[in-house]
Structures are given as C-alpha cells and as structure tokens.
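Tertiary structure, described
Here's the letter readout for the chains.
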Amino acid sequence: MMKKIIIILCGLILLVSCEASNREDYHQLITIVNKTNKTFYIDWSTQYPDVNAYKSKPNPALNGFSKVSANETTDQVFASKSSYESIFKYRIPSGVMMIYVFDGSTLETQGWDYIKNNNLVYKRYDLTLQDLNNMNWTLTID
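Please read all numbers here as calculations on a predicted model, not as lab measurements. (Residues numbered from 1 in each chain as written. Predicted model: local features only at pLDDT ≥ 70, side-chain atom pairs only at ≥ 80, totals over all residues. Heavy atoms only, no water.)

What about the overall build of the chain?
- Counting its secondary structure elements, the chain contains five helices and nine strands.
- Scored against the burial criterion, the 142 residues of the chain give a buried share of 35%.
- Summed over all atoms, the accessible surface of the chain reaches about 8700 Å², with 53% contributed by carbon and sulfur. (Helix = DSSP H or I, 4+ residues; strand = E, 2+ residues; numbered from the N terminus. Buried < 20%, exposed > 50% of the residue type's maximum accessible area, 1.4 Å probe, protein only. Areas by Shrake-Rupley, 256 points an atom, 1.4 Å probe, with all protein chains shown as cover.)

Some points on the nonpolar core
- In terms of nonpolar packing, the biggest core is built from 21 residues, with Ile30, Ile32, Ile42, Phe78, Met97 and Ile99 touching the most fellow members.
- Elements with a contribution of two residues or more to this core: β4 (40-45), α2 (84-91), β7 (97-103), β8 (123-127) and β9 (138-141).
- Discounting chain neighbours no more than four positions away, the residues touching phenylalanine 78 are Gln28, Leu29, Ile30, Ile32, Ile42, Asp43, Trp44, Tyr84 and Ile99. (Core = buried A, V, L, I, M, F, W, Y, C linked by side-chain atoms within 4.5 Å. Contact = heavy atoms within 4.5 Å.)

Quick notes on the pattern of salt bridges
- Following the criterion strictly, the structure yields five salt bridges and no others.
- The closest approach of N and O atoms between aspartate 113 and lysine 116, which form a salt bridge, is 3.6 Å. A residue pair is termed a helical-turn pair when its members lie 3 or 4 positions apart in one helix, as aspartate 113 and lysine 116 do in helix α4 (residues 112-117) at three residues.
- Overall, the relative accessible area of 16% leaves lysine 116 in the buried class.
- In this structure, aspartate 126 engages arginine 124 in a salt bridge whose closest nitrogen and oxygen atoms are separated by 2.7 Å. (Salt bridge = Lys/Arg side-chain N within 4 Å of Asp/Glu carboxyl O.)

A look at unusual backbone geometry
- Cis rather than trans, the peptide bond between tyrosine 48 and proline 49 has omega equal to 15°.
- If you trace the backbone, proline 49 turns up in the loop between β4 and β5 (67-68).
- Its identity as a non-glycine residue notwithstanding, asparagine 71 has a phi of 55°, on the positive side.
- You can see asparagine 71 is positioned in the loop between β5 and β6 (73-74).

Topic: the environment of valine 96
- Locating valine 96 in the fold gives a position in the loop between α2 and β7.
- Remark: the alpha-carbon pair of valine 96 and glutamine 47, spanning 49 residues in sequence, is separated by 8.2 Å.
- Among residues more than four places away in sequence, those in contact with valine 96 are Ser45, Thr46, Tyr48, Phe88, Asp126, Leu127 and Thr128.

Here's the deal with α2
- Every buried residue belonging to α2 is among Tyr84, Glu85, Ile87 and Phe88, and all of these are buried. The buried side chains of α2 occupy one side of the element, clustering within an arc of 165° when seen end-on. Summarising the geometry of α2, the exposed residues directed more than 90 degrees from the buried face are Lys89 and Tyr90.
- Of the surrounding secondary structure, the elements contacted by the buried residues of α2 are β2 (26-27), β4, β7, β8 and α5 (129-134). (Arc of directions from axis to C-beta.)

So far we have only geometry, and geometry alone does not tell us how the molecule works.
The following block contains the structure:
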C-alpha cells in the first residue's frame, strides 16, 4: 500500500512540475508581445459571440499572471496544462476564443467595475485555432 502511495505521489509531482510548451499540433502557450509603452491586463472567454462575457469574470488584476508590462514579452498569461487544441475541441463550441486587453492604468486607478460599466476594452481579439496557428501562437499588441 505504501509503495502505491509513493508511486502516485511521484506521478503527481511529475505532472505538476512539467512546464507548458508548444509542439507541433500540441500547444500549451500563447506568447503575448506588448510593443507599447502601456501596461495591460489580459483575459479570455470561450463564450463567443457574447462580447460582454468578460463582465461576469473576476477582476483580471487579481490574477498574478494576467499583467503584461510595457514592452514585455511573456508566455505566462496563457500557459495551459492542457493543449489549446483540446480546449478548442471541448470547451469552445463556437470555435472562437475572445481575448480581451484592458488598459492597466485605468484598471488600477478606476477599478474593475468602472471598466465593466463603461465597456472599456482596449482591444478584443476573436481568434480561431487556425488564427493562432497562422500567428505562430504569438499575439502582438501594438
């Protein structure tokens, strides 16, 4: 019994410690390249065509990985444990992922309710799996 527990624990440790990566036909990362002098918070939704789906989500500033600083390149915002191919297949019936970009300064000074009440989405990207492939899994904000 103890041997089974140790094997299970080792397996869990391996699963948790595996870093997300991109391989052909199996992508766990979307790289965000911020080419501006602004800070942004990024979030996403699978509820296309409901473009206001972000309003029911928690404040993206509370998520430590959603912030993208000025002139920063990061793959931590959309690092996934499962592949995006799987996410599109099972969680995005429309085939379109909406990525929302919010101005960091406005969010930090005015708050999430202000952003939602005034529909202050800096940019919204409606992306299919093919779009992400064509973009080489890199979203550039400029």
